[in-house]
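The primary structure of each chain is shown beneath.
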Amino acid sequence: MRWMVLPLAAALLAACKDESPQPPRDAPSAGVPQGRAAEALRAAEERLRTRLRQPGPPMQRAVPVHRQALADTVAVCGQVNPTGRSDDAFLPYVLVASFEGERLARAEFFLA
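Conventions we followed
Residues numbered from 1 in each chain as written. Predicted model: local features only at pLDDT ≥ 70, side-chain atom pairs only at ≥ 80, totals over all residues. Heavy atoms only, no water. Helix = DSSP H or I, 4+ residues; strand = E, 2+ residues; numbered from the N terminus. Expected span 1.5 Å × (residues − 1). Buried < 20%, exposed > 50% of the residue type's maximum accessible area, 1.4 Å probe, protein only. Arc of directions from axis to C-beta. Contact = heavy atoms within 4.5 Å. Core = buried A, V, L, I, M, F, W, Y, C linked by side-chain atoms within 4.5 Å. Pairing = 2+ DSSP bridges.

For helix H2 (residues 34–52), built from 19 residues, the straight-helix expectation of 27 Å at 1.5 Å per residue is met to within 8% by its first-to-last C-alpha distance of 27 Å. When we look at burial in H2, the residues that qualify are Arg36, Ala37, Ala40, Ala43, Ala44, Leu48 and Leu52. Looking down the long axis of H2, one finds its buried residues gathered within 150° of arc, a one-sided arrangement. Seen from the open side of H2, the exposed residues pointing more than 90 degrees away from its buried face are Gln34, Arg42, Glu46 and Thr50. Structurally, H2 contributes buried residues whose contacts are with strand S1 (59–61), strand S2 (65–67), strand S3 (73–81), strand S4 (91–100) and strand S5 (103–111). Phi turns positive one or two residues past the end of H2, at Arg53, with a value near 55°.

Val76, Tyr93, Leu95 and Ala97 are the most contacted members of the largest nonpolar core, which has 16 residues in total. Only H2, S3, S4 and S5 provide two or more residues apiece to this core. For this core, the element with the highest residue contribution is H2, accounting for six residues. Not counting the four nearest positions on each side in its chain, Tyr93 is found in contact with Ala44, Leu48, Gln60, Val63, Val76, Cys77, Gly78, Gln79, Val80, Phe109, Phe110 and Leu111.

Turning our eyes to something else, we now look at the environment of Arg85. Take Arg85: it is sitting in the loop between S3 and S4. Measuring from C-alpha to C-alpha, the distance between Arg85 and Met59 comes to 8.8 Å, with 26 residues separating the pair along the chain.

So, on to the pairing of S3. Here S3 lies mainly inside the structure; seven of its nine residues are buried. Here S1 pairs with S3 via three bridges, running antiparallel. Within S3, the residue paired with Arg61 across the bridge is Gln79. Bridge count for S2 against S3 is three bridges, and the pairing is antiparallel. If you follow Arg67 over to S3, its bridge partner there is Val74. Alignment of S3 against S4, held across eight bridges, turns out to be antiparallel.

The values reported here are purely geometric and, on their own, carry no functional implication.
What follows is the structure in structure tokens.
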């Protein structure tokens, strides 16, 4: 009877393997409409340029767009290098964007 425990446990563990397809890492977050995600990303980059006073696009990384519990609201969370030099640290930022239809109605920006 004991010899059946190991094969049974192995069969149960094999059945638990999650084979659901995962979205690509660079795909927008699920549930966020494409137009809103693009508009929120544009607003975040505009505020970064204003705050950092950089002539070109800011050096960013890890910038997902997340749908929020409030209706018609998304958050853009990311990291920015304020100087653009490779030896400087990245600072976290968050932009919370509220929409009326597909139009950006309000955006609150926080940079650490």
